[in-house]
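The chain contents come next:
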Amino acid sequence: MHTPFENPVFSDALVILGAAGIVIPAFARLRINPVIGFILVGMLVGPSGLGSIVDRFPWLYHITITDREAIDPFAEFGIVMLLFTIGLELSFKRLWAMRVQVFGLGSAQLLASGLVIGFALNLIGQPLAGALGLGMALALSSTALVLPMVGTTGPVGRSALAMLIFEDLALVPIIFALGALAPRAEAAGLDGLVQTLWLGGLTIVIMLLAGRYLLPYLFAQAARTKSPELFLAACLLVVITASVATAAAGLSPIVGALIAGVMIAETEYGDEVEIITAPFKGLALGVFLITVGMSVDLRVVAANWQSLAIAVVGVCLIKAVVTGGLLRLVGARRGVAAETGVLMASPAETTLIVLAAAVQAQLIQSSTAQFWQIVTAIGLTITPLLAKLGHVIATRIDMRASESAAPDEESAGAGRVVLFGYGRVGEIVSDMLAKHNQPYVAIESNVDVVAAARRKGVPILFGDVARPELLDRLRLGHAKALILTMDDPVLAVRIVRRVAGWVPDLTIIARARDANHAAELYRAGATLAVPEALESSLQLSEALLVDLGIAMGPVIASIHEKRDELRRKIMQEGELSKQPLLKSGEAPAG
């Protein structure tokens, strides 16, 4: 007798939810992008993995997915929800400001990459029409993976967003263009392309008008009920309606989802909608990534690994060079151009759609499409690695470009204030030193921070102050003062003890985490230790008491009394012979 739990829906749900519950925490602990984890799960539990031996081991049925098509709708819904949440981060004003980038840079990147890849395939024997179809398919990049990695606000994110928006808009016109290239369907393809353009444009205009006047009313009514379920239902109604509308007009459903997100972002309910739909995005995107992994047959990969490796590297290299080159032409920094080019180098999930359309148009054979489908799946799998590689390359380029502005390490400390650490605190300290024309040099171990600071003209060196040899080369004996701002209590105490032993007359001011840490720093030889938690607490108390109407004199007196109490505590814990300073400019107490 079959139980309800033998239904494929239940076993698929078990696998998907289990993957989400195991993969995300495990890979987060390992500091690995969960995208790779979901794709690996898809390879493991898919029909080409454990699913291929279910007949011999029936118990595997409950932890495998044997029918990829059964979960394809959930994967498509995941992409729709992802584009919707990206739309929530945008606005019509921002999109209008990006119109030149979208239709200029975006179109140039897609056409140039597609043509270069297409002509390269034609040179190795692929017929011209099929080669151009493959080129346009492989020129697409993954919106679902790229934007969550880099966001949409930084220079890399803005450039990627412009190109990806154009690719999403161009998806269905590309499919109709393939129909125009088909051996016996030229007229139908051209007619379909023209019809899609005007009908899709009309649909978008109607959506924008309806959204402007109807969405505020819809969400106001949902909010009045104070029912989260009804509010969520209204969100899903808008997303699905917009996606269905653009799909019916011949555009991609993800275009409708993006527009729906932008329309809701223009209302006062955008933040609440983003919060309430966030769980759907993450889970549904995981389903999509699992389907990507399921499309990879490891046996086919093993049998054709050389050809596949050449294809993946070739496509990624061409797209990276073309994209980076175009960005340089429009004035992007070398580092931004390199990082964006490598990030956008792999094919996209929409590549699979275009490949299927090319087969249907008889431009390529099914075996050819299957080969490039595997290339696409591999490309999606390595996208997080490409993002990391691009960031490393960009950082090195920026560092090399700014080396001429960096101070000489051998004489960096001579006659200057030396600042260890250039985080939140270090940046403020350096700004104040610059404001009062005090020469300084900062030392920072985060290469990204160093590169960004050098672009602003900050005198900063890359180095790890935990290394004694670096402290030797800085010539701290000739420095005006040493400031420690790093948030590493153990390292701070060790550096203070070492430097105070070498240069006992040097002024050493250190950031302390609390009173206990301040006592350790004083014992190590610090001139002044500033307990950040205590000083911020005193300042908050002072502001609050004054705002409550208490006279300034008694407030200041009570603040001094509290500071004296803290001095005595630090003196006792640090076994000091005299009470320490807690604030620059104070006279020593006792």
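Here the structure is a predicted model, which is why all the values come from computation and not from measurement.

Q: Help me understand the pattern of salt bridges in this model?
A: Enumeration over the complete set of coordinates arrives at two salt bridges. Ionic pairing is found between Asp487 and Arg513, a salt bridge with its closest N-O pair at 2.7 Å. Of the two residues, Asp487 is situated in the loop between strand E4 (481-484) and helix H22 (489-502) and Arg513 in the loop between strand E5 (507-512) and helix H23 (515-524); the sequence distance between them amounts to 26 residues. Taking relative accessible area as the criterion, Arg513 reaches 38% and is therefore assigned partly exposed.

Q: Could you clarify how one ought to interpret a nonpolar patch on the surface in this entry?
A: A cluster of nonpolar side chains, Leu14, Phe57, Trp59 and Ile63, forms an exposed patch at the surface whose accessible area comes to about 420 Å². With respect to the helices, strands and loops of the structure, Leu14 is situated in helix H1 (residues 8-29).

Q: Would you explain the nonpolar core in this entry?
A: Note on soluble globular proteins: their nonpolar side chains tend to be buried together. Membership of the largest hydrophobic core comes to 114 residues, with the highest contact counts inside it found for Phe84, Leu110, Phe219, Phe231, Ile264, Val273 and Trp372. Of the residues forming this core, the biggest block, 12 residues, is contributed by helix H8 (residues 155-181). Setting aside residues no more than four positions away along its own chain, Phe231 makes contact with Phe219, Ala222, Ala223, Tyr269, Glu272, Val273 and Ile276. Membership of the second largest hydrophobic core comes to 41 residues, among which are Leu484, Ala510, Leu538 and Ile559.

Q: I would appreciate a short explanation of helix H15 (residues 334-343) in the present structure.
A: Count 3.6 residues to each turn of an α-helix, and residues three or four apart come out pointing the same way. Within H15, nine of the 10 residues are buried, leaving the element largely enclosed by the surrounding structure. All buried positions along H15 are accounted for by Gly335, Val336, Ala337, Ala338, Glu339, Thr340, Gly341, Val342 and Leu343.

Q: Explanation requested: helix H24 (residues 532-547) in the structure shown.
A: Spanning 16 residues, H24 covers 22 Å between terminal C-alpha atoms, matching the ideal 22 Å at 1.5 Å per step. For H24, the full list of buried residues reads Leu534, Glu535 and Leu538. End-on, the buried residues of H24 take up no more than an arc of 95 degrees, which puts them together on one face. In this structure, H24 carries Leu540 and Asp547 as exposed residues pointing more than 90 degrees from its buried face.

Q: Explain the sheet that holds strand E2 (residues 440-444) here, please?
A: Strand pairing in a sheet takes place through backbone hydrogen bonds and is either antiparallel or parallel in direction. Spatial strand order, E3-E2-E1-E4-E5-E6: six strands in an open sheet with parallel pairing. The strands lining the two open edges of the sheet, one partner per strand, are strand E3 (460-462) and strand E6 (528-531). Each strand axis lies, on average, 15 degrees off the axis of its neighbour in the sheet, ignoring direction. In this sheet, E2 lies alongside strand E1 (residues 417-420) in parallel orientation, the contact comprising four bridges. Directly across from Phe420, in E2, lies its bridge partner Ile443. Where helix H20 (residues 447-455) meets the sheet, its contacts fall on E2 and E3, and the angle it forms with E3 comes to roughly 150 degrees.

Q: Looking at this structure, I do not really get the packing of aromatic side chains. What am I missing?
A: By convention here, two paired aromatic rings are described through the distance between centres and the angle between planes. Under the criterion given, the structure shown has five aromatic pairs. Their ring planes at 85 degrees and their centres at 6.2 Å tell us that Phe103 and Phe166 sit as a pair that is edge-to-face. With Phe103 in helix H5 (residues 99-123) and Phe166 in helix H8, this pair connects stretches of sequence that are 63 residues apart. Taken together, Phe219, Phe231 and Tyr269 form an aromatic cluster joined through their ring pairs.

Q: Sorry, what's going on with the side chain of Thr246 here?
A: The residue Thr246 is located in helix H10 (residues 228-248) in this model. A polar side-chain atom of Thr246 sits 3.0 Å from the main-chain carbonyl oxygen of Ser243. Within polar-contact distance, the side chain of Thr246 engages the backbone nitrogen of Gly256 at 3.3 Å.

Definitions and limits used
Along every chain, residues carry numbers that run from 1 in the direction the sequence is written. This being a predicted model, a pLDDT of at least 70 is required before a residue's local features are given, and a value of 80 or more before pairs of side-chain atoms are given or counted; all residues contribute to the totals for chains, interfaces and linings. Water and hydrogen atoms were dropped before computing side-chain values, which therefore reflect all heavy atoms in the structure. By convention in these notes, a salt bridge is any Lys or Arg side-chain nitrogen within 4 Å of a carboxyl oxygen on Asp or Glu. Numbering goes from the N terminus for both helices and strands, where a helix is a DSSP run of H or I of at least four residues and a strand is a run of E of at least two. Any residue under 20% of the maximum accessible area for its type is buried, any over 50% is exposed, and the rest in between are partly exposed; the area is computed with a 1.4 Å probe on protein chains only. For patch building, the residue pool is restricted to those with more than 30% relative accessible area and no salt bridge; the joining distance is 9 Å between like charges and 5 Å between nonpolar side chains (Val, Leu, Ile, Met, Phe, Trp, Tyr). For the accessible areas, the method is Shrake-Rupley and the probe is 1.4 Å, while residue cover comes only from the protein chains on display. Among the buried residues, those of types Ala, Val, Leu, Ile, Met, Phe, Trp, Tyr and Cys that are joined through side-chain atoms within 4.5 Å form a nonpolar core. When checking whether two residues touch, look at their non-hydrogen atoms; a contact exists if any pair is within 4.5 Å. One less than the residue count of a helix, multiplied by 1.5 Å, gives the span that helix is expected to have. For this quantity, the arc is that covered by the directions from the helix axis to the C-beta atoms. Two strands make a pair as long as DSSP finds a minimum of two bridges between them. Every angle, taken between N-to-C directions, lies between 0 and 180 degrees, and every axis is a line fitted to C-alpha atoms, over only the stretch in contact when it is a helix. Pairing of aromatic side chains here covers Phe, Tyr and the six-membered ring of Trp, requires ring centres within 6.5 Å, and sorts the geometry by plane angle: under 30 degrees stacked, over 60 edge-to-face, intermediate tilted. As used in this structure description, the phrase polar contact means that two N or O atoms lie within 3.5 Å; if the pair is within protein, one of them must be able to donate a hydrogen and the other to accept it, and residues adjacent in sequence are counted only when both atoms belong to side chains.

It is worth stressing that arrangement in space is one thing and function is another; only the former is reported here.
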